[in-house]
Amino acid sequence: MKLFLRKMAAFAYRDFLQEASYRVYFVTQWSTVLLNIVAYFFLAQFLEGGLKDQLEPYGGDLFAFLLIGVAWGGYQKVAVNSFTIRIREAQMMGTFEAALATRTAPSQIIIGSAIYDFAAMSMRVMIYLIIGALFGVDFSHANVPAALVVFALSILAFLCIGIGSGAFIVMYKKGDPVSWVFSKLGVPFGGVLFPISVLPDSLQIISYCLPITHALEGLRMTLLKGASLSEISGSLIGLGVFTCVLLPLSLVLFHYALRYSKERGGLVQF
Amino acid sequence: MNALPELAPMSQRSIEVRDLRKDYPTVRSYRRILRSPFEREVVPALRGISFEVEPGQVFGILGPNGAGKTTLIKILTSLISPTSGTARVFGHDVAVGGPEVLSKVGLVVSDERSFYWRLTVRQNLRFFATLNDFERGPREARIAELLGVLGCEEYADRPFRNLSTGIRQRVAVARALLMDPPLLLMDEPTSSMDPRAARELREWLRQQLVEGSGKSILLVTHDPLEAEFLCDEVAILSEGRFVHRASVAAMRERGTASALWRLRVGGWSADGQAALLQAGWDVREIEEALGGLHELEVRGGDQVLGELLSLMSRHGISIHDCSRRRDPFSAAIADLLEEAAGAGETS
């Protein structure tokens, strides 16, 4: 475990050094976080009152609703995009082959390739929450331990999606249906920008098939309303089912992808 | 083609490859997929090769592009699975892969892009050392040692992108040596280096790694000079088969008759040319040089060249310049590749 963590830290540090070396890009990326918060604040002011009934279960504050939706939507974005982008980048640069020729298992290389993006996203979420609080979002009732449980389960579910999409990239280089499904459906049906209760009942079925819906529901309830674990049991069961199904599925898929690529000589091609 | 020697029972040979075959599935057009969705077409990259590399031996593989050389290297590093046959590295099956194989092997490729260009040399080596299970203390010591041995200390904290090709290649060797592996797999290690840097690296590899440390090297190269300098034994790979395998000395011997000389002569005449051809010399006139001199190309080894020169002298042909265009080893390689290409066309 210690060795695994040291390797993950090495991946994160490598990507941090690379990102930080592009100074203008690095600064603009982090400035965007602040500008987004300002934009969501004024958007919420503008729309305030329009979704009053639907926002009531979450405390009635649209800005707080948007803030958590966008912050955790970012985690899903990292999960579905980061693995594919980083692996493909490494394949094209030639560094993937060099990493595979070390004693580190391919599965760890895949996870490590996205670890910095997850860490950077966590920093962004922290900034979202801190500045949100400065802008008046009330977290005084937050049930932090329950929120951390939802957070951990949702990260695990997102990680499974990421490993699954990484498997497709290892096999087919471009064109990843896992990433496509979750990134395209997440925003309109996942409750990122508006409560899913505004959707017709038939479309809400799609929402419940997405882990982000359960993650956002659980996080908003715990952070904004101070809900207990029993009060968000539906979200926890949803996330638990997703994790139980997706974890073995993504690992089997990834194992198959490695074998497939090794047989076709495509592991280091692009 | 030379008969391959019988392999001894499995031992701790550096590499032991038996009847190794690799077929790649072809990419089929949409039309063909629709017509016959379950048909499987393959392109053979390796067609059942066998060889072994003993500890401390440098084994070279030469061959044209597409011969299967890089496929072989990737199979030995577990990046590609063989279709059939076995390949073992110090007794470990590469098809199973894992740390047992990878800790015995250092891979040196000519691709400079296999490093992170925006990181420094030290940062690159730290990253790869961590992936090879190094703890911080031993990692720093090993990196410092390798940078010192390879003469790269002054470049340690420079970004990789700011280094010359020669230094980058030395860093690639340093990375391969992090684990102090007993076997190095080198895929055209000097292909993008200038002649001086390439010579220095070759000399270092031969003196320090092979003669000094007793490491084995499997060298894949296009450069006969590199193979002749570094290798004990070479094999010619063409279309996935070994068409010839011999020691470097035997290869030189074989190429003696095919060595190529370039002569600049005066007094060249039709009579003189006829006399030389009649005596069995493979003489070809290349061009008429300035001042009435003629450029000739002659095939033959060192020991027989003397006879040719005295024959020319007897026919009034004066020698103004004589230089070797192709050494016996390179000549043997070129002849074998030509033969293999000819055989491929007729088969």
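Thresholds applied
- Residues numbered from 1 in each chain as written.
- Chains lettered and ligands numbered in written order.
- Predicted model: local features only at pLDDT ≥ 70, side-chain atom pairs only at ≥ 80, totals over all residues.
- Heavy atoms only, no water.
- Helix = DSSP H or I, 4+ residues; strand = E, 2+ residues; numbered from the N terminus.
- Buried < 20%, exposed > 50% of the residue type's maximum accessible area, 1.4 Å probe, protein only.
- Contact = heavy atoms within 4.5 Å.
- Areas by Shrake-Rupley, 256 points an atom, 1.4 Å probe, with all protein chains shown as cover.
- Lys, Arg positive; Asp, Glu negative; His and termini not counted.
- Charge placed at Lys NZ, Arg CZ, Asp CG, Glu CD.
- Expected span 1.5 Å × (residues − 1).
- Bend = angle between axes of the 7 residues up to and from the residue.
- Pairing = 2+ DSSP bridges.
- Axes fitted to C-alpha atoms, helices over the stretch in contact; angles between N-to-C directions.
- pLDDT = per-residue confidence, 0-100.
- Core = buried A, V, L, I, M, F, W, Y, C linked by side-chain atoms within 4.5 Å.
- Salt bridge = Lys/Arg side-chain N within 4 Å of Asp/Glu carboxyl O.
- Buried area = accessible area lost by both parts, 1.4 Å probe.
- Polar contact = N/O pair within 3.5 Å; in protein donor to acceptor, adjacent residues only side chain to side chain.
- Nonpolar A, V, L, I, M, F, W, Y, C, P; charged D, E, K, R; others polar.
- Patch = residues over 30% accessible without salt bridge, like charges linked within 9 Å, V, L, I, M, F, W, Y side chains within 5 Å.

Engineer: If you had to explain the overall build of chain A to someone new, which residues and values would you point to?
Structural biologist: A count of helices and strands for chain A gives 11 helices and zero strands. Of the regular secondary structure in chain A, the N- to C-terminal order runs α-α-α-α-α-α-α-α-α-α-α. With the C-alpha coordinates aligned to their principal axes, the bounding extent of chain A is approximately 60 × 40 × 35 Å. By the burial criterion, 51% of the 270 residues in chain A qualify as buried. The contacts in chain A between residues at least 6 apart in sequence include a share of 79% that link residues at least 24 apart. When the accessible surface of chain A is split by element, carbon and sulfur atoms take 70% of a total near 12,300 Å². Chain A carries 19 positive and 15 negative side-chain charges, and their two centres are separated by 15 Å.

Engineer: Provide a residue-level description of helix H6 (residues 106–134) of chain A, including the pertinent values.
Structural biologist: Residue and element names in this part refer to chain A. Here H6 is 29 residues long and its end C-alpha atoms lie 43 Å apart, about the 42 Å a rise of 1.5 Å per residue gives. By the largest-angle criterion, Ile115 marks the main kink of H6, which is about 35°. After H6 finishes, the residue Gly136 shows a positive phi value of roughly 110°.

Engineer: Can you explain the pairing of strand E1 (residues 15–25) of chain B? Please cite residues and give values.
Structural biologist: Residue and element names in this part refer to chain B. Inspection of the sheet shows E1 paired to strand E4 (residues 84–89) by five bridges, in the antiparallel sense. Bridge assignment links Glu16 to a residue of E4, and that residue is Arg88. Relative to strand E2 (residues 42–53), E1 runs antiparallel, the two being bridged by nine bridges. Bridge pairing in E2 places Ile15 opposite Val53.

Engineer: Which residues make up unusual backbone geometry, and what are the values?
Structural biologist: Residues and elements named next belong to chain B. We note that Glu188 has phi near 45°; this positive angle belongs to a residue other than glycine. You can see Glu188 is positioned in the loop between strand E7 (183–187) and helix H7 (195–212). The phi dihedral of Glu239 falls on the positive side, at around 50°, and the residue is not glycine. For Glu239, the position within the fold is in the loop between strand E9 (233–238) and strand E10 (241–247).

Engineer: Can you lay out helix H7 (residues 144–172) of chain A for me, pointing to particular residues and giving the numbers?
Structural biologist: The terminal C-alpha atoms of H7 of chain A lie 41 Å apart, and with 29 residues this matches the ideal 42 Å at 1.5 Å per residue to within 8%. Immediately beyond the C-terminal end of H7 of chain A, within one or two residues, lies Lys173 of chain A, with a positive phi of roughly 65°.

Engineer: Please set out the sheet that holds strand E3 (residues 58–62) of chain B residue by residue, giving values where relevant.
Structural biologist: All names here are of chain B. Sheet architecture is open: six strands sit in the order E6-E7-E8-E3-E9-E10, paired in mixed fashion. Looking at which strands have only one partner, the edges of the open sheet turn out to be strand E6 (105–109) and E10. The average angle at which neighbouring strand axes cross in this sheet is 15°, direction not considered. Here E7 runs beside strand E8 (residues 216–221); their pairing, made up of five bridges, is parallel.

Engineer: Hey, could you go over the confidence of the model for chain A for me, with residue numbers and the actual values?
Structural biologist: Put simply, chain A has an average pLDDT of 85, and 98% of its residues get 70 or more. When mean pLDDT is taken per element in chain A, helix H1 (residues 2–21) of chain A scores highest with 91 and helix H3 (residues 52–55) of chain A scores lowest with 76.

Engineer: Kindly report on the nonpolar core, identifying the contributing residues and their values.
Structural biologist: Within the largest apolar cluster, 133 residues are counted, with the highest numbers of intra-cluster contacts made by Trp72 of chain A together with Val173 and Met251 of chain B. In terms of residues, this core owes the most to one element, helix H4 (residues 62–93) of chain A, which gives 17 residues. Every residue in contact with Met251 of chain B, bar those within four places of it in the chain, is listed here: Val234, Ile236, His244, Ala246, Pro328, Phe329, Ala332, Ile333 and Leu336 of chain B. One finds Val17, Ile49, Leu183 and Leu237 of chain B within the second-largest nonpolar core, a separate group that totals 33 residues.

Engineer: Describe the pattern of salt bridges, naming the residues involved and giving the relevant values.
Structural biologist: Residues and elements named next belong to chain A. Evaluation of the coordinates by the stated rule reveals 33 salt bridges over all chains. Across the pair Arg86 and Glu89 runs a salt bridge whose closest N-O atoms are separated by 3.8 Å. On the criterion of helical spacing, the pair formed by Arg86 and Glu89 is a turn pair, its members being three residues apart in helix H4. Among the residues examined, Glu89 registers a relative accessible area of 36% and is labelled partly exposed. Note that Asp117 and Arg86 form a salt bridge whose closest N and O atoms lie 2.9 Å from each other. Of this pair, Asp117 sits in helix H6 while Arg86 sits in helix H4; the two residues are 31 residues apart in sequence, bridging distant segments of the chain. An identical accessibility class is assigned to Asp117 and Arg86; each is buried. In this structure, a network of salt bridges that share partners links the residues Arg14, Asp15, Glu19, Arg86, Glu89 and Asp117.

Engineer: How would you summarise the interface of chain A and chain B if you had to cite specific residues and measurements?
Structural biologist: Counting residues at the interface gives 27 residues for chain A and 31 residues for chain B. Taken together, the two surfaces of chain A and chain B that pack against each other cover about 2,900 Å², and 60% of this comes from carbon and sulfur. Viewed at the interface, chain B and chain A are joined by three salt bridges. Ionic pairing is found between Lys74 of chain B and Glu97 of chain A, a salt bridge with its closest N-O pair at 3.7 Å. Counting every contact that joins chain A to chain B gives 10 residue pairs in polar contact (both at pLDDT 80 or more). Looking at the side of chain A that touches chain B, the elements with two or more residues in it are H1, helix H5 (95–100) and helix H11 (233–264) of chain A. Looking at the side of chain A that touches chain B, the element that brings in the most residues is H1 of chain A, giving nine residues. Class assignment of the residues belonging to the side of chain A that touches chain B gives a composition of 12 nonpolar, seven polar and eight charged.

Engineer: If you had to explain the sheet that holds E4 of chain B to someone new, which residues and values would you point to?
Structural biologist: Taken together, the four strands give an open sheet; going across it, the order is E2-E1-E4-E5 (chain B), and neighbouring strands pair in antiparallel fashion. Two strands bound the open sheet, and with one partner strand each, they are E2 and strand E5 (92–93) of chain B.

Engineer: Quick rundown of a nonpolar patch on the surface? Include the residues and the values.
Structural biologist: Residue and element names in this part refer to chain A. Nonpolar side chains collect at one region of the surface, where Val38, Phe42, Met126, Ile130, Leu134 and Phe135 lie side by side and expose about 600 Å² of accessible area between them. The leading source of residues in the nonpolar patch is H6, at three residues. Its location among the elements puts Phe135 in the loop between H6 and H7.

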